[in-house]
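One letter stands for each residue in the lines below.
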Amino acid sequence: MAIDAPARARRRPAGWANALFVLPYLIVFVAMIVVPLAMGMWLSTTKSDLFGVEAQVGFANFTRLARDPIFLETVWNTFYFVLLTVPALTLIGLGLALVLNRPARWASVLRTIFFVSTVLSVTVVTLVWQLVFTPDGGLIAVAAEALGGSPVAFLNDQDLAMPAIAVTTIWWCIGLPMVLFLAALQQVPRDLYEAARLDNASRWKTLTRITLPSIRRTFLLVVIIEIILQFQLFGQPQLMTRGGPNNATRPIVLFIYETGWRQWELGYAAAAAQVLFAMILIAAMAQYFVASRKDDR
Amino acid sequence: MTRPALSGRVAVALVVVGAVLMLVPLLWVLALSLKSNAELMADTHSVFNGRYTLQNYADLVGDGQVFRWIANSLIVSLGMTAGVLILSSLAGYGFARLEFPGRRLLFVIVLFGLAVPEQAVIIARHQLFSWAELHNTHGALILPGLSAPFGVFLMTQYFRAIPKEIDEAALLDNASRFTIFWKLLLPLTIPAQATLGIFTFLSAWNDYWWPLISATNKEMFTLTVGIASTQMNFAQTEGLGFLMAQAVFAGLPILIVYLLFQKYIVQAVAGAAGR
């Protein structure tokens, strides 16, 4: 860094040539992120459809959103879904990591099994789970009948549809929190456990006094990452319930999709997208804040 | 010492039960895919007895459209992976090693891109591609994925970790910046390339929303969108077994890839999330 001023001046021309390395990416970045982001913000202040902008409406789209009962319901649905999935994913992921963090062969096989669903696409996952939930010969229905019960139409029930989608999602996504916790557990210094063993500490004490405090930061990160991921719920309800019954499973992203590509109200959809963006941005800032405090585990 | 040992065994038992719950839905689908449609319509309990058949798979292969979708998915995923690796490596080297005006500011702006979700840009992006008449092309399915800032972030970190002495020695030998990048440093980044490549391929293969709205022509469907189009009429379908065969067919390649490259995939997914 200690280059004197004349030397720096002489390097100027080379400096511009150096920028050629980042230029290809920057062009794509501007075209695919910066421009659409700015254009989306501008669209959200217009009344637009398939054929273009009809009128400048200022903040009318946002005031309309605030009074739109369906949009407000999708906001509630999204938070409800996050509440159903994120604590479960975090705690199950932690539990799995604690049990499976050992070198034994069987533990490695089980880790493979719990991560396997993560690599599937949302369309395969929803296909599988529709066949589990369907009352006409679905897995649960067949099992219930064998035990003397009667089949339940989970996905057509206003109270059960969202929990059913949550179960599907937990099955699909459990691999990520598990491996994040496993990675954190590997980082806990061995000598801490050694010391605990010498002190004759019980397993429970070792867990609550050493293991859990050591992975505090990862715990927080997993919660935030999962909030961001699950906030963007889209494919599962779009494919399994189409937002029904009676809007019970319609999340914000599905609202944006349908407003934009079913009703072609692009301005209004863009406004809803800005609201979602603001919410995710808050969570992303929190993630950055937690992640950058590296010294404090 | 008996109590902790017992609680430990209970925990392991619970995890084993959980593993069974993970696998049962997949086995259920596999079993249904091996039953004839007629038999399933008559009685789904027949899953547990009666004849198994490969007829659904034969129909699938005869139908052929699934292969078209797989080909599209392969072209898009491989294209995106190659593009991301090239752009991210060049940019990562530039940001990590070279001086140019505005470097710091540009890097911060790119990092900010990490926080921009797809939903915030997808409407305008769709408009832009409409105006340029790019929809229903492979290029349209690849291009947006090339802008993901994660790769640039990862490669910049990786290049920074390589000792500077390597470039400095080469500079004294009058090697050009590009030669240093290409001959000396790039081979050292292969682990990061593997991580980034696997992660990009997997996300491209499983991407849903953008292909759903960009590829509206059946010929241009990716596998993900194609499978979605066949389950839209799930409730009315008379070809449950066929649908399930399609699910197995769509899921199996990626599951095999997962079993082969498990270590790298887990690393890549965890790395991308914990950035």
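Quick caveat: nothing in here was measured; it's all calculated off a predicted structure.

Is there a simple way to explain the overall build of chain A in this structure?
Check the secondary structure of chain A and you find 15 helices and 2 strands. A globule of 297 residues ought to have a C-alpha radius of gyration of about 19 Å, yet chain A, at 25 Å, is considerably larger. Here the C-alpha coordinates of chain A stretch approximately 65 × 65 × 30 Å along the principal axes. In chain A, which comprises 297 residues, the share counted as buried stands at 53%. Residue pairs in contact within chain A that sit at least 24 positions apart in sequence constitute 69% of those at least 6 positions apart. When the accessible surface of chain A is split by element, carbon and sulfur atoms take 65% of a total near 14,000 Å². Averaging the coordinates of the 23 positive side-chain charges in chain A and doing the same for the 17 negative ones gives two points 13 Å apart.

Explain the overall build of chain B here, please?
Of the regular secondary structure elements, chain B holds 14 helices and 0 strands. Helices and strands in chain B line up, N terminus first, as α-α-α-α-α-α-α-α-α-α-α-α-α-α. The C-alpha extent of chain B, read off along each of the three principal axes, is 80 × 70 × 35 Å. Looking at chain B residue by residue over its 275 residues, the buried ones come to 50%. The long-range share in chain B, meaning contacts at least 24 apart out of those at least 6 apart in sequence, stands at 71%.

Which parts of the structure should I look at to understand the interface of chain B and chain A?
The extent of an interface is frequently quoted as the accessible surface area lost upon association of the parts. Across the contact, 92 residues belong to chain B and 86 residues belong to chain A. Here chain B meets chain A over a buried area of about 7,700 Å², counting both sides, of which 79% is carbon and sulfur. Joining chain B to chain A, the criterion identifies 0 salt bridges. A per-element tally of the side of chain B that touches chain A places helix α1 (residues 2–33) of chain B first, with 18 residues. Class assignment for the residues of the side of chain B that touches chain A results in 71 nonpolar, 16 polar and 5 charged.

Can you help me understand the pairing of strand β2 (residues 52–56) of chain A in this one?
Both faces of the sheet carry side chains from a regular strand, because those side chains alternate between them. Residues and elements named next belong to chain A. Taken together, the 4 bridges between strand β1 (residues 46–49) and β2 define a ladder with antiparallel strand orientation. Pairing of threonine 46 across the sheet is with glutamine 56, part of β2. What sits between β1 and β2 in their antiparallel hairpin is a turn of 2 residues.

So what exactly am I meant to see when it comes to the packing of aromatic side chains here?
To describe a pair of aromatic rings, you give the distance between the ring centres and the angle between the ring planes. All names here are of chain A. Under the definition given, this model contains 32 aromatic pairs over all chains. Their ring planes at 70 degrees and their centres at 6.1 Å tell us that phenylalanine 255 and tyrosine 268 sit as a pair that is edge-to-face. Of this pair, phenylalanine 255 sits in helix α14 (residues 252–261) while tyrosine 268 sits in helix α15 (residues 266–292), and the two are 13 residues apart along the sequence. According to the relative accessible area criterion, tyrosine 268 is buried, its value standing at 3%.

What am I meant to see in the pattern of salt bridges here?
Where side chains of opposite charge bring their charged atoms close, a pairing between them can arise. All names here are of chain A. One pass over the full model with this rule turns up 6 salt bridges over all chains. Across the salt bridge formed by arginine 197 and glutamate 194, the nearest N and O atoms sit 3.0 Å from each other. Note that arginine 197 and glutamate 194 are positioned in helix α10 (residues 190–198) at a spacing of 3 residues, about one turn of the helix. The class of arginine 197 is exposed, set by a relative accessible area of 55%.

How should I be thinking about the domain arrangement of chain B in this particular structure?
Each assigned domain of chain B is listed with its residue range as follows: domain 1 (2–48) and domain 2 (64–232). Once you take the C-alpha centre of each, domain 1 of chain B and domain 2 of chain B turn out to be 38 Å apart.

Could you clarify how one ought to interpret helix α5 (residues 103–113) of chain B in this entry?
Counting along an α-helix, one turn takes 3.6 residues, and residues three or four places apart therefore face a common direction. If you check which residues of α5(B) are buried, you get B:Arg103, B:Phe107, B:Val110 and B:Gly113. For α5(B), the arc enclosing every buried residue in end-on projection is 105 degrees, short of the 170-degree limit, so these residues lie on one face. Away from the buried face of α5(B) by more than 90 degrees, exposed residues B:Arg104, B:Leu105 and B:Val108 are located. Looking at the buried side of α5(B), the elements it contacts are α2 (23–43) of chain A together with α4 (65–97) and α8 (149–161) of chain B.

When you look at the nonpolar core in this model, what are you seeing that I'm missing?
It is characteristic of soluble globular proteins that their nonpolar side chains tend to be buried jointly. By size, the foremost hydrophobic cluster in this structure holds 177 residues, and its most contacted members are A:Phe114, A:Phe115, A:Ile256, B:Ile123, B:Phe159 and B:Trp209. Among the elements that take part in this core, helix α14 (residues 240–273) of chain B stands out by supplying 16 residues, more than any other. Counting only domains with at least three residues in this core, you end up with domain 1 (2–48) and domain 2 (64–232) of chain B. When residues no more than four places from it in sequence are discounted, the contact partners of B:Trp209 are A:Phe234, A:Val253, A:Ile256, A:Tyr257, A:Trp261, B:Glu118, B:Gln119 and B:Ile122.

Could you clarify how one ought to interpret the environment of A:Ala183 in this entry?
Along the chain, A:Ala183 falls in helix α9 (residues 175–187). The spatial distance from the C-alpha of A:Ala183 to the C-alpha of A:Met279 is 28 Å, given a sequence separation of 96 residues.

Can you walk me through a nonpolar patch on the surface in this structure?
Residue and element names in this part refer to chain B. Together, Leu252, Ile256, Val257, Leu260, Phe261 and Tyr264 line one region of the surface with nonpolar side chains, adding up to about 580 Å² of accessible area. Position of valine 257 among the secondary structure elements: in helix α14. Looking at valine 257, the relative accessible area reads 34%, which means it is partly exposed.

I keep staring at unusual backbone geometry and nothing clicks. Help me out?
Across the chain, the bulk of peptide bonds are trans and the bulk of non-glycine residues have phi less than zero. One non-glycine residue, A:Trp264, lies in the positive phi region at around 55 degrees. In this fold, A:Trp264 is placed in the loop between α14 and α15. Taking the relative accessible area as the measure of exposure, A:Trp264 reaches 28% and is therefore partly exposed. In the Ramachandran plot, B:Asn136 falls in the positive-phi region, its phi being about 60 degrees despite a non-glycine side chain. Following the sequence through the fold, B:Asn136 ends up in the loop between α6 (118–131) and α7 (138–142).

Is there a simple way to explain helix α5 (residues 105–116) of chain A in this structure?
For α5(A), with 12 residues, the first-to-last C-alpha span of 17 Å sits near the 16 Å given by 1.5 Å per residue. Turning to α5(A), its buried residues number three or more, namely A:Ala107, A:Leu110, A:Thr112, A:Ile113, A:Phe114, A:Phe115 and A:Val116.

Thresholds, definitions, all that
- Along each chain, residues carry numbers from 1 onward, in the same order as the chain's sequence is written.
- Whichever chain is written first is A, and whichever ligand is written first is 1; the rest continue in order.
- Local features in this predicted model are restricted to residues whose pLDDT is 70 or higher, and side-chain atom pairs enter the listing and the counts only when it is 80 or higher, whereas totals over whole chains, interfaces and linings include all residues.
- The basis for every side-chain value is the complete set of heavy atoms in the structure, and neither hydrogens nor water enter the calculation.
- Runs of E in the DSSP output that reach at least two residues are strands. Runs of H or I that reach at least four are helices, and both are numbered from the N terminus.
- Only C-alpha atoms enter the radius of gyration, while the globule expectation follows 2.2 Å times N to the 0.38, with N the number of residues.
- A 1.4 Å probe rolled over the protein chains alone gives each residue an accessible area, and that area as a share of the maximum for its type sets the label: buried under 20%, exposed over 50%, partly exposed in between.
- The contact definition used throughout considers only heavy atoms, calling two residues in contact when any of these lie within 4.5 Å.
- Every accessible area reported is derived by Shrake-Rupley at a probe size of 1.4 Å, with residue values counting cover from the shown protein chains alone.
- The positive count covers Lys and Arg only, the negative count covers Asp and Glu only, and His and the chain ends enter neither.
- Throughout, a charge is located at the NZ atom of Lys, the CZ atom of Arg, the CG atom of Asp or the CD atom of Glu.
- Accessible-area loss on putting two parts together, using a 1.4 Å probe and summing over both, is the definition of buried area adopted here.
- Salt bridges are defined by distance alone: a side-chain nitrogen of Lys or Arg within 4 Å of a carboxyl oxygen of Asp or Glu.
- Lys, Arg, Asp and Glu make up the charged group, whereas Ala, Val, Leu, Ile, Met, Phe, Trp, Tyr, Cys and Pro make up the nonpolar group; the residues left over, Gly among them, are polar.
- Note on pairing: two strands pair once DSSP finds at least 2 bridges between them.
- Pairs were defined over the aromatic rings of Phe, Tyr and Trp, the Trp ring being its six-membered one, requiring ring centres within 6.5 Å. Orientation was assigned from the angle between planes: stacked under 30 degrees, edge-to-face over 60, tilted for the rest.
- For the purposes of this description, domain bounds are those given by an automatic or database domain assignment.
- Taken from the helix axis, the directions to the C-beta atoms give the arc we talk about.
- Definition of nonpolar core: a set of buried residues of the types Ala, Val, Leu, Ile, Met, Phe, Trp, Tyr and Cys, connected through side-chain atoms within 4.5 Å.
- Any residue with relative accessible area above 30% and no salt bridge may belong to a patch, with like charges joined within 9 Å and the nonpolar Val, Leu, Ile, Met, Phe, Trp and Tyr side chains within 5 Å.
- In this analysis, the expected span of each helix is defined as 1.5 Å times one less than the number of residues it contains.

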